[in-house]
Amino acid sequence: MSLKQNTLKGLSLPELSSLFLEMGEPRYRARQVFNWMYNHRVTDFSEMQNTPKSFREKMKEQYGLLALSLDKKIESIDGATVKFLFRTNQDHVIESVIIPESDRVTLCVSTQVGCPLDCKFCATGLMGYKANLTAGEIFDQYLLGGREYPKPITNIVYMGMGEPLLNYEATVKSLSIFSEELTKEVSLRKITVSTSGIPAKIYELADTGLRVKLAFSLHSCYEEIRSRIMPINKKYPLAKNLEAVTYFLEQTGGRVTFEYVMLSGINDRREDEEALVALCRKIPAKINIIPFNSLAHINPTGIAAELKPSSPERIATFAGKLRKAGITVMVRNTKGQDIAAACGQLAVTQI
Ligand code: SAH
Ligand code: SF4
């Protein structure tokens, strides 16, 4: 399907209001179109039944309603995890994943094509930065992905390709669409934005008043080790990020999720357990332990080639120590590995 360059998808309610007021439409038109587009998921103006025919025809000449087209849908062997490849109208291919877990259905969305931050354990990082997604392209992953899945999406994580806080404007705009009382299906409390740490943007996000949850990709409590595996730490050190995370929690309440990819001999040592316990005494947090998904399928070089996953036994002991200290720990399932849909494997190889 070819996409129109000019799409309404991604416009917020205030933006739709000013567009329609300029066109001489009545005040209520923005709410109608917003409702059709974001709740009823219509992809053609002709379906907007409570709007005049002349309006629908005029709109159709100038605008499209889709920001993405579905290129491919790949299901895991057990059929539960689904990966989508979507094409943007710049002809980039991005990925989203739906992962069911007990009574939740979580959608993982991308915010950039590739990523400039070059974390050594991440497939997206190794692919480099290609482009930012628009708010419409972020939101369409939810609308189009949701349409292809038999159960409703209950949670959204901004943890696909890219660093959301380096595409701050589009990320926040997509969140503001979810925050409207007109969009009922997923509330902001069920949305988590994950970042490798851009302190100024963490402060800014806290000040928007959008009450999303924050996940911080910690991966090591030591500046030097973190810098080695996450080069962005040299520019924005952990200490500055933790101040920003603390501010975020003061504004929004709740706890931060520290993401922690388990790398053998690098961040899974006894002293790492102790440092994590000390950190969680200072900052209200849960820890999300992520088994490292190997990047062998994309032939990494340098430090990336040396990274090894911690053994399942080491992960269990590590998690046990943290739990004993009273910390909430989740050990993430590596669901979807057979379709390279698990975390950090989101790099499109066929483009
Ligand atoms: N850029 C953001 C969000 C996308 S990455 C961020 O870094 O937080 C989402 C999560 O996947 C991050 O916690 C990231 O560290 C983790 N991840 C990246 N590569 C991984 C890999 N190979 N195995 C397991 N988790 C990985
Ligand atoms: Fe970018 Fe996140 Fe991957 Fe780091 S882990 S390269 S920030 S997508």
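Predicted model, so just to flag it, every value in this text is computed and none were measured. (Residues numbered from 1 in each chain as written. Chains lettered and ligands numbered in written order. Predicted model: local features only at pLDDT ≥ 70, side-chain atom pairs only at ≥ 80, totals over all residues. Heavy atoms only, no water.)

### Brief notes about the sheet that holds strand S11 (residues 285–291)
Phase 1 of the analysis: Spatially, S1-S2-S3-S4-S7-S8-S9-S10-S11-S12 is the arrangement adopted by the 10 strands of the open sheet, whose pairing is mixed. Two strands lie at the open edges of the sheet, namely strand S1 (68–75) and strand S12 (328–331), each paired on one side alone. Across the sheet, the mean angle separating the axes of adjacent strands is 25 degrees when strand polarity is ignored.
Phase 2 of the analysis: As defined by bridge partners, strand S4 (residues 104–108) adjoins strand S7 (residues 155–158) across three bridges and the pair is classed as parallel. Paired with Thr-106 across the strands is Asn-155, a residue of S7. (Pairing = 2+ DSSP bridges. Helix = DSSP H or I, 4+ residues; strand = E, 2+ residues; numbered from the N terminus. Axes fitted to C-alpha atoms, helices over the stretch in contact; angles between N-to-C directions.)

### Considering the layout of surface pockets
Phase 1 of the analysis: The calculated volume of the second largest pocket comes to roughly 230 Å³.
Phase 2 of the analysis: For the second largest pocket, the lining is made up of 19 residues, of which Thr-7, Thr-134, Ala-135, Gly-136 and Glu-137 are closest to its centre.
Phase 3 of the analysis: Contributions of two or more residues to the lining of the second largest pocket are made by strand S6 (129–132) and helix H5 (135–147).
Phase 4 of the analysis: The dominant element in the lining of the second largest pocket, judged by the number of residues it contributes, is H5, at three residues.
Phase 5 of the analysis: Its residues placed into classes, the lining of the second largest pocket shows six nonpolar, 10 polar and three charged. (1 Å grid on protein atoms, 1.4 Å probe; cavity = no way out; pocket = protein on both sides within 12 Å on 5 of 7 lines; lining within 4 Å. Points joined across faces, edges and corners; volume = space filled by probe spheres on them. Nonpolar A, V, L, I, M, F, W, Y, C, P; charged D, E, K, R; others polar.)

### Observations concerning the packing of helix H1 (residues 13–22) against helix H2 (residues 29–39)
Phase 1 of the analysis: Interhelical geometry of H1 versus H2 gives an angle of 130 degrees and a closest axis separation of 8 Å. One element, H1, and the other, H2, form an angle in the oblique class. Pair H1 / H2 crosses with right-handed handedness. Taken together, the residues of H2 that come into contact with H1 (itself represented by Leu-13, Leu-16, Ser-17 and Phe-20) are Arg-29, Ala-30, Arg-31, Val-33, Phe-34 and Met-37.
Phase 2 of the analysis: Tallied by class, residues from the contact of H1 with H2 come to seven nonpolar, one polar and two charged. (Parallel < 35°, antiparallel > 145°, perpendicular 65-115°, else oblique. Left-handed = near helix turned anticlockwise from the far one by under 90°. Contact = heavy atoms within 4.5 Å.)

### Regarding the environment of Arg-87
Phase 1 of the analysis: Examined against the element boundaries, Arg-87 turns out to sit in strand S2 (residues 82–88).
Phase 2 of the analysis: For Arg-87, a relative accessible area of 26% puts it in the partly exposed group.
Phase 3 of the analysis: As a C-alpha pair, Arg-87 and Ile-229 span 142 residues in sequence and 31 Å in three-dimensional space.
Phase 4 of the analysis: Among residues more than four places away in sequence, those in contact with Arg-87 are Leu-3, Ala-67, Leu-68, Ser-69, Asp-71, His-92 and Val-93.
Phase 5 of the analysis: Within the structure, the side chain of Arg-87 is placed 2.9 Å from the side chain of Asp-71, a separation counted as a polar contact. (Buried < 20%, exposed > 50% of the residue type's maximum accessible area, 1.4 Å probe, protein only. Polar contact = N/O pair within 3.5 Å; in protein donor to acceptor, adjacent residues only side chain to side chain.)

### Side note on the site of ligand 1
Phase 1 of the analysis: Taken together, 21 residues are adjacent to ligand 1, and Phe-121, Ser-194, Ser-196, Ser-217 and His-219 come closest.
Phase 2 of the analysis: Here a nitrogen atom of ligand 1 sits 2.9 Å away from a polar atom, N or O, in the main chain of Gly-162.
Phase 3 of the analysis: Between ligand 1 and the protein, one listed contact pairs a nitrogen atom with a backbone N or O atom of Asn-293 at 3.0 Å.
Phase 4 of the analysis: Within the complex, the protein chains bury 96% of what would otherwise be the 530 Å² of accessible surface of ligand 1. (Near = heavy atom within 4 Å. Areas by Shrake-Rupley, 256 points an atom, 1.4 Å probe, with all protein chains shown as cover.)

### Focus on empty space enclosed by the protein
Gaps left between atoms are located by rolling a probe of water-molecule size over the structure's atoms.
Phase 1 of the analysis: Scanning the entire structure with this criterion turns up two cavities of 30 Å³ or more.
Phase 2 of the analysis: If you add up the space inside the second largest cavity, you get close to 60 Å³.
Phase 3 of the analysis: If you trace the second largest cavity, you find it lined by Tyr-38, Asn-39, Arg-41, Phe-139, Tyr-142, Phe-178, Thr-183, Glu-185 and Val-186.
Phase 4 of the analysis: Elements with a minimum of two residues in the lining of the second largest cavity: H2 and H5.
Phase 5 of the analysis: Here the lining of the second largest cavity is built from residues that sort into five nonpolar, two polar and two charged.
Phase 6 of the analysis: Counting contributing residues, the lining of the second largest cavity receives three or more from each of domain 1 (13–62) and domain 2 (68–339). (Domains from an automatic or database assignment.)

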